[in-house]
Amino acid sequence: MYSQDSFFDLSAWGQVGLVFISLTLFLMMVLLARRCLRRLPIWARFLGALILFWVFVSASPQVYYMYYRMIIPDLPLQWVIWPPKDALIPFEILLFSHQKNLSAHGQGILGWAIILAAVLQRRHP
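What you see is a predicted model; the values in this text were computed from it and never measured. (Residues numbered from 1 in each chain as written. Predicted model: local features only at pLDDT ≥ 70, side-chain atom pairs only at ≥ 80, totals over all residues. Heavy atoms only, no water.)

Caption draft 1: Summary view of unusual backbone geometry. For Phe96, which is not glycine, the phi dihedral falls at a positive 55 degrees. Position of Phe96 relative to the elements: it lies in the loop between helix 3 (89-94) and helix 4 (102-119). Look at Phe96 and you get partly exposed, because its relative accessible area is 32%. (Helix = DSSP H or I, 4+ residues; strand = E, 2+ residues; numbered from the N terminus. Buried < 20%, exposed > 50% of the residue type's maximum accessible area, 1.4 Å probe, protein only.)

Here it is as structure tokens:
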């Protein structure tokens, strides 16, 4: 399913860098959801998680594009942050029905992790 994904066009070190950036962004977003939304009522935490996910889907392509510019210097410097053209795209990503590639599926996993981090309460003994 993923054989045509651009991830496999990168060198081994390029893949390692991309995985590192992805894991870093993943952890940052989950921690942000956990820390910033924990004191809100459950409905606000859920809504906040959806908003954080929408912001990630809109803004993260710039981070990845800048990484690709580092490993492929011929890419032009440009702004790639745009809100999704269709407001349902983040929901399609959450349902794993948007695109069949590593990026979309990774974003779907991140979306659910953000929601769980925001909604689930820590247990205090």
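Right, picking up where we left off after that structure.
Caption draft 2: Spatial organisation of helix 1 (residues 12-37). The end-to-end C-alpha distance of helix 1 is 37 Å, a good match for the 38 Å that 26 residues give at a rise of 1.5 Å each. For helix 1, the full list of buried residues reads Gly14, Gln15, Gly17, Leu18, Ile21, Leu25, Met29, Val30, Ala33, Arg34 and Leu37. As for helix 1, its buried residues are in contact with helix 2 (42-71) and helix 4. (Expected span 1.5 Å × (residues − 1). Contact = heavy atoms within 4.5 Å.)

Caption draft 3: Main features of helix 2. Taking 1.5 Å per residue, 30 residues should reach 44 Å; helix 2 reaches 42 Å between its end C-alpha atoms and fits that length. By the largest-angle criterion, Ala59 marks the main kink of helix 2, which is about 40 degrees, and a proline, Pro61, follows within four residues. (Bend = angle between axes of the 7 residues up to and from the residue.)

Caption draft 4: View of the nonpolar core. Judged by nonpolar contacts, the single largest core of 27 residues is most densely connected at Leu18, Ala33 and Ile114. Broken down by secondary-structure element, the contributors of at least two residues to this core are helix 1, helix 2, helix 3 and helix 4. Ranked by residue count, the leading element in this core is helix 2, at nine residues. Apart from residues lying up to four places away in sequence, Ile114 is in contact with Met29, Val30, Ala33, Ala49, Leu52 and Phe53. (Core = buried A, V, L, I, M, F, W, Y, C linked by side-chain atoms within 4.5 Å.)

Caption draft 5: Region of interest: the side chain of Arg45. Structurally, the position occupied by Arg45 is in helix 2. Buried charge Arg45 goes without a salt bridge, the closest partner of opposite sign being Glu92 at 27 Å. Beyond its immediate sequence surroundings of up to four residues, Arg45 is in contact with Leu37, Arg38, Leu40, Ala118, Val119 and Gln121. (Lys, Arg positive; Asp, Glu negative; His and termini not counted. Salt bridge = Lys/Arg side-chain N within 4 Å of Asp/Glu carboxyl O.)

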